[in-house]
Amino acid sequence: MNHQATWRETWQAHPLAQAAGRFAANPLAMAGLLLLLAMLLPVTCYPLLPGAAPNAIDLTALNAPPDAAHWLGTDGVGRDVLARVLQGGRISLIVASSAVCISMLIGFMVGAVAALGGSVANAVAMRVTDLAMTLPPVVLLLVLASVAGQGIAPTILVISLLSWPVLARLVRARLLELREREFVIAARGMGGGAWHIMLRHALPNCIDVLIVFATLQLAQAILAEAGLSFLGMGIPPPAASWGNMLNAARSTVVLEHYPWQWLSPGIALLLTELAINFVGDGLSAALNPRSELG
Amino acid sequence: MAALLDIAALRTEFATRAGPILPVNDVSLSVGVGETLALVGESGCGKSVTALSILRLLPRRIGRIAGGSIRLHGIDGDLVTLPEDRMRHVRGGAIGMIFQEPATCLNPLLKVGEQVAEPLRIHRGLSHGEAARAAEATLASVGLPGEDHQAGRYPHQLSGGMRQRAMIAVALACHPRLLIADEPTTALDVTIQAQIIELLRGLQHELGMGLLFITHNFALVADLAHRMAVMYAGRIVEHGPVAAVFARPRHPYTHGLLACMPRLGMAHRLRAGHQTLPTIAGAVPRLDALPAGCSFAPRCVLATDACRRETPALAEVSAEHAVRCLRWSEL
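In this text, all values refer to a predicted model and were calculated from it rather than measured experimentally.

**As for the overall build of chain A**
- When its secondary structure is counted, chain A shows 14 helices and zero strands.
- Going from the N terminus to the C terminus, chain A shows its helices and strands as α-α-α-α-α-α-α-α-α-α-α-α-α-α.
- When the backbone C-alpha atoms are referred to their principal axes, chain A occupies close to 75 × 55 × 35 Å.
- Looking at chain A residue by residue over its 294 residues, the buried ones come to 37%.
- Here the analysis covers contacts within chain A between residues at least 6 apart in sequence; of these, 67% occur between residues at least 24 apart.

**Points about the environment of Ile102 of chain A**
Residue and element names in this part refer to chain A.
- Within the secondary structure, Ile102 sits in helix α4 (residues 81-116).
- Taking the number of C-beta atoms within 10 Å as the measure of exposure, Ile102 has 17 and is therefore partly exposed.
- Distance from Ile102 to Ile267, taken between C-alpha atoms, is 28 Å for residues 165 residues apart in sequence.
- Among residues more than four places away in sequence, those in contact with Ile102 are Ile156 and Ser160.

**Remarks on the interface of chain B and chain A**
- Listed as interface residues are 29 residues of chain B and, on the opposing side, 23 residues of chain A.
- For the side of chain B that touches chain A, the secondary-structure elements that each account for two or more residues are α2 (84-90), α3 (102-105), α4 (112-124) and α6 (160-172) of chain B.
- The element best represented in the side of chain B that touches chain A is α4 of chain B, accounting for four residues.
- Class assignment of the residues belonging to the side of chain B that touches chain A gives a composition of 14 nonpolar, nine polar and six charged.

**Topic: the pairing of strand β9 (residues 235-241) of chain B**
Residue and element names in this part refer to chain B.
- The buried count for β9 comes to six of seven residues, which makes it a mostly enclosed element.
- Taken together, the six bridges between strand β8 (residues 227-232) and β9 define a ladder with antiparallel strand orientation. By the bridge assignment, Arg227 is partnered in β9 with Pro241.
- Hairpin connection from β8 to β9: two residues lie between these consecutive antiparallel strands, with Ala233 at a positive phi of about 50°.
- The pairing of β9 with strand β11 (residues 322-323) spans two bridges and is classified as antiparallel. Looking across to β11, one finds that Glu238 is bridged to Val323.

**Side note on unusual backbone geometry**
Residue and element names in this part refer to chain B.
- We note that Glu183 has phi near 45°; this positive angle belongs to a residue other than glycine.
- For Glu183, the position within the fold is in the loop between β6 (178-182) and α7 (190-207).
- Of note in this structure, Ala233 is not a glycine but carries a positive phi near 50°.
- Residue class for Ala233 comes out buried when judged on the 23 C-beta atoms lying within 10 Å of it.

**Details of the sheet that holds strand β1 (residues 3-16) of chain B**
Residue and element names in this part refer to chain B.
- Read across the open sheet, the three strands follow the order β2-β1-β4; overall the sheet is antiparallel. Edge positions in the sheet fall to β2 (19-32) and β4 (63-72), since each of these pairs with one other strand and no more. Strand-to-strand twist across the sheet, computed as the mean angle between neighbouring axes with direction ignored, equals 5°.
- Direction of pairing for β1 relative to β4: antiparallel, over a ladder of eight bridges. Considered in β4, the bridge of Thr12 is made with Ile65.
- Along the sheet, helix α1 (residues 47-55) contacts β1, β2 and β4; its crossing angle with β2, the most-contacted strand, is approximately 75°.

**Re the sheet that holds β6 of chain B**
Residue and element names in this part refer to chain B.
- Sheet architecture is open: eight strands sit in the order β5-β6-β7-β3-β8-β9-β11-β10, paired in mixed fashion. Each end of this open sheet is capped by a strand with a single partner; those strands are β5 (95-98) and β10 (315-316).
- Relative to β8, strand β3 (residues 36-40) runs parallel, the two sharing four bridges. If you follow Leu39 over to β8, its bridge partner there is Ala229.

**Considerations on the packing of helix α10 (residues 207-230) of chain A against helix α13 (residues 260-287) of chain A**
All names here are of chain A.
- Taken N-terminus to C-terminus, the directions of α10 and α13 make an angle of 165°; their axes are 9 Å apart at the nearest point. With respect to their mutual orientation, α10 and α13 come out roughly antiparallel. Relative to α13, the crossing made by α10 is left-handed. On α13, the residues touching Asp208, Ile211, Val212, Thr215, Leu216, Leu218, Ala219, Ile222, Leu223 and Ala226 of α10 are Leu269, Thr272, Glu273, Ile276, Asn277, Val279, Gly280, Leu283, Ser284 and Leu287.
- For the contact of α10 with α13, the residue count by class is 13 nonpolar, five polar and two charged.

**Remarks on the nonpolar core**
All names here are of chain B.
- Within the largest apolar cluster, 96 residues are counted, with the highest numbers of intra-cluster contacts made by Leu178 and Leu212.
- By residue number, the principal contributor to this core is α6, which donates eight residues.
- Contacts of Leu178, omitting those with residues within four sequence positions, involve Leu4, Leu5, Val31, Leu72, Ala94, Ile95, Met209, Gly210 and Leu212.

**What to know about the environment of Arg56 of chain B**
Residue and element names in this part refer to chain B.
- For Arg56, the position within the fold is in the loop between α1 and β4.
- Residues Arg56 and Thr81, spaced 25 residues apart in sequence, show a C-alpha to C-alpha distance of 9.8 Å.
- Once residues lying within four places of it in the same chain are set aside, the contact partners of Arg56 are Leu79 and Met87.

**Here's the deal with the confidence of the model for chain B**
- Averaged over every residue, the pLDDT of chain B is 87; the share at 70 or more is 99%.
- Here the complex is predicted with pTM 0.78, and the ipTM for its interfaces comes to 0.77.

**Focus on helix α8 (residues 182-189) of chain A**
- Most of α8 of chain A is tucked away, with six of its eight residues classed as buried.
- Within α8 of chain A the residues assigned to the buried category are Phe183, Val184, Ala186, Ala187, Arg188 and Gly189 of chain A.
- Tucked into the core, α8 of chain A has its buried residues touching α7 (152-179) and α9 (194-205) of chain A together with α1, β5 and α3 of chain B.
- Immediately beyond the C-terminal end of α8 of chain A, within one or two residues, lies Gly191 of chain A, with a positive phi of roughly 100°.

Conventions we followed
Residues numbered from 1 in each chain as written. Chains lettered and ligands numbered in written order. Predicted model: local features only at pLDDT ≥ 70, side-chain atom pairs only at ≥ 80, totals over all residues. Helix = DSSP H or I, 4+ residues; strand = E, 2+ residues; numbered from the N terminus. Buried ≥ 20, exposed ≤ 12 C-beta atoms within 10 Å, placed from the backbone. Contact = placed C-beta atoms within 7 Å. Nonpolar A, V, L, I, M, F, W, Y, C, P; charged D, E, K, R; others polar. Pairing = 2+ DSSP bridges. Axes fitted to C-alpha atoms, helices over the stretch in contact; angles between N-to-C directions. Parallel < 35°, antiparallel > 145°, perpendicular 65-115°, else oblique. Left-handed = near helix turned anticlockwise from the far one by under 90°. Core = buried A, V, L, I, M, F, W, Y, C linked by C-beta atoms within 7 Å. pLDDT = per-residue confidence, 0-100.

So this is what it looks like as structure tokens:
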């Protein structure tokens, strides 16, 4: 048996590889993935193009409808809408993915401490989580945003502080069950300490929870960022973001006469959200095959 | 024989809603170097709790060791009071443990080789590569040779017997001086059982380790063990050399258990209706409602009023054979 074959065989037997197979067999999930990739490619590659200039002003084309020079038209000060939608997508994605990473870190740590620590750690961690969950999200978001200020970093902070409690609960529930499983007791029986249990047994066995949380939370975070920016508490102009572009739709004139200015970021937001949710649903079905057996 | 493990008057307490119960009550036993001690009894009589107490793996917040001492040769101090960080090096280092259900004792998401390598990295501080090579060697010694690439497989790709071999490899990776095997063959086919027992016997011979073998299978006891201890409702009711106990059990419970074993040639008599398979009437009493006096008295054909009044002490039948029964001399 040569080495290549063994490697492939091992990968095929890996539980994640089997989940990937189930994911690939789900048409809706694959459509979501393709749509997401189709959105991601221009959004991430756009600044590499030579003509990228989301803040360049074309005074000869104010509020111009879509044409050959400006594919999605221009806004009130003559900036190219397509360029701004792509630039806004970048910022949305940076904000959302950073926020998801931070909230995953906090959520997993809090959940793991609650489940694997002693009863005091559990009580403290879960009461803090309850507290964070009880606060009304929009109000908290606005208060935090007004304290933290505008800009990319504060927006990331605000969104991540809001989304970790759900994950903390999911992780705690999973680990409470896992803690009593025999292989964890066996791992303690061969001398594994708390870190060993957490990194070698808890983390791999939470990976499905984490992946599904990450995708669905990404969609949430993009929406939250758009909402904050729409309200003027997120990404400040002139930097583009889907949220602050939609802000233009507040003016009836723009709403009625220049629909490309708000339709473009709106549709971009809608498609991204849809795609991510399809992928998220597909992932959760693929990672938990029992859910479909009912 | 030098004592490797010496347990004295061990009491393990579980907190229940109805109050504390004692799944292990005043248990004293010892295992010598290279010796096999079989711990036998019905389900729920405290065999597994004794094993978990030795490693201090009792369920948190529920179980605690309420008294007694556990000493292991080569470890200063009492395992009962040893600080947790030193206890961690005893687990998997000086004492290895094999559990009953190989299917659930391996992490489904880690390759078998990695799981065998882990104790080596924890206790010996080996690097990734060194541990992987040592794990291959350990797997080969339990009959999972490297050319089959078993180390790179996940537990779900292995059969039950192979998983139990892998579990044994995890327990033996650091060459423990004592191996605790908690019903290691109960979940396996009879043919595989024989292979695993043969493997354990060979490894014990090779490594010279003490073996605490928990089972309810008397055939395995006769096959593998030097000495045996019979547990009932948390207490040891009889212990002694296997040959002596089998030849003449002195406790009515041991006697009953041995009588319950189906024997060769029994089948046609059973079919013909000349004989029924003997059983011990009744069930093990609940630990929160133990009868006064001897716990076995309600099921015992020899019980007298005295048995129902006082708890018998361990009486010496011979230097090595002891029994906890008032009427042992009549058996």
